[in-house]
Amino acid sequence: MSHARLMIVEDNEEVAQMLVLFLGSRGYKVAAAPDGAAARQVVREALPHLILMDVGLPDTDGYELLREFRQSLRTRYIPAIFLTQRNKKSDRLIGLELGADDFITKPFDLEELFLRVQNAVQRATRENLSDPHTGLPTGRVAREEMAAAKAQGDRAVVEFRLRHMSDFRDFYGGLAGADLLRYAALMMNRTLNSLGAADDFLGQLDENTFIVITAPEQADLIRRTIVERFNADAVQHYNLGEVVGADKIKVRAPSGTEYLLPLVRLDALPLK
């Protein structure tokens, strides 16, 4: 899956570098973390589509790290594969019981590893667990979390919708549209890191609709901040565009023809 983000949690520098180079050459964007602390930071910055982790780490063990990720709303649904020298049945059972998607023992075949990674990422997309562009929980997962939050009564649901994405995709193409979705997801995640809490949820109901579940007292600030940041930066996604009025932009096609497009905007629905 092109452009999917992977996180390698591996303290052996040679193994980590080999995996970064190999999986990177197959179209993945790969980040490496040598220990649990670095892995937590990588996940905070940008949610990966899949985590590939060793069990033995300098500051923790992979089992404990996965248990931690599975307890957090924002990381609960990220597919994870253990890559370790441990090969006992009991080790595999522990990993699978924690919610790991696969368990691969070292030494491993790179081509087989690639196929298992690819299958895990594609399975999450196919089963409507994560968005293929952003890696965020989507579809039924997002709807279930939203329903649970409304039932609890002590959580606020903020819904965001992108407007004019079809005009943007028609002019710049699907890849540029996917990049814009990834930007929106990264910006929202960073906003939650600074203004929200670790148990806040970020997901997508559909390709152009995002939701945040957070504490009621922080919801309005998060809502306003996300909308203001996205709309202030929207013009930067248009190549050499000239803003016309408050909500339109003049762009030039390679043929020289000029078009007037509505600017992509992010709206937030009233708090629920």
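Before reading on, note that the structure itself is shown above.
Residues numbered from 1 in each chain as written. Predicted model: local features only at pLDDT ≥ 70, side-chain atom pairs only at ≥ 80, totals over all residues. Heavy atoms only, no water.

Colleague: Summarise empty space enclosed by the protein; cite the residues concerned and give the values.
Modeller: In the structure shown here, the tally under the stated rule is 2 cavities of 30 Å³ or more. Space inside the largest cavity adds up to approximately 70 Å³. Around the largest cavity, the lining residues are Leu47, Pro48, His49, Arg74, Tyr77, Ile78, Pro79, Leu129, Ser130, Gly135, Leu136 and Pro137. Grouping the constituent residues of the lining of the largest cavity by class yields 8 nonpolar, 3 polar and 1 charged. Each pocket or cavity is described by its volume, and for the second largest cavity that value is around 40 Å³. Arg5, Ala46, Leu47, Thr134, Leu136, Ala185, Leu186 and Asn189 together form the lining of the second largest cavity. Grouping the amino acids of the lining of the second largest cavity by side-chain chemistry returns 5 nonpolar, 2 polar and 1 charged. (1 Å grid on protein atoms, 1.4 Å probe; cavity = no way out; pocket = protein on both sides within 12 Å on 5 of 7 lines; lining within 4 Å. Points joined across faces, edges and corners; volume = space filled by probe spheres on them. Nonpolar A, V, L, I, M, F, W, Y, C, P; charged D, E, K, R; others polar.)

Colleague: Kindly report on the packing of helix α8 (residues 174-195) against helix α9 (residues 216-233), identifying the contributing residues and their values.
Modeller: Contact geometry of α8 with α9 gives a least axis separation of 10 Å together with a crossing angle of 145°. Between α8 and α9 lies a crossing whose hand is right-handed. Every residue of α9 that contacts α8 at Leu180, Tyr183, Ala184, Met187, Met188, Thr191, Leu192, Ser194 and Leu195 is listed here: Gln218, Leu221, Ile222, Thr225, Ile226, Arg229, Phe230 and Asp233. Looking at the contact of α8 with α9 residue by residue, the class counts come to 11 nonpolar, 4 polar and 2 charged. (Axes fitted to C-alpha atoms, helices over the stretch in contact; angles between N-to-C directions. Helix = DSSP H or I, 4+ residues; strand = E, 2+ residues; numbered from the N terminus. Left-handed = near helix turned anticlockwise from the far one by under 90°. Contact = heavy atoms within 4.5 Å.)

Colleague: Explain unusual backbone geometry to me, and be specific about the residues and the numbers.
Modeller: The amide bond that connects Lys106 to the next residue, Pro107, takes the cis arrangement and shows omega of -5°. Note on placement: Pro107 falls in the loop between β5 (102-105) and α5 (110-126). Even without glycine at this site, His164 takes up a positive phi of about 70°. Relative to the helices and strands, His164 resides in the loop between β6 (156-163) and α7 (165-172).

Colleague: For the pattern of salt bridges, give the residues involved together with the corresponding values.
Modeller: This model, assessed by the stated rule, comprises 20 salt bridges. As a salt-bridge pair, Arg26 and Glu111 come within 2.6 Å of each other at their nearest N and O atoms. Taken as a pair, Arg26 in the loop between α1 (13-25) and β2 (29-33) and Glu111 in helix α5 lie far apart in primary sequence, 85 residues in all. Overall, Arg26 belongs to the partly exposed group, its relative accessible area being 31%. Note on Glu111: relative accessible area 40%, which makes it partly exposed. Its salt-bridge partner being Asp267, residue Arg163 comes within 2.4 Å of it at the nearest N-O pair. With Arg163 in strand β6 and Asp267 in strand β12 (residues 265-268), the pair connects residues that are 104 residues apart, well separated along the chain. (Salt bridge = Lys/Arg side-chain N within 4 Å of Asp/Glu carboxyl O. Buried < 20%, exposed > 50% of the residue type's maximum accessible area, 1.4 Å probe, protein only.)

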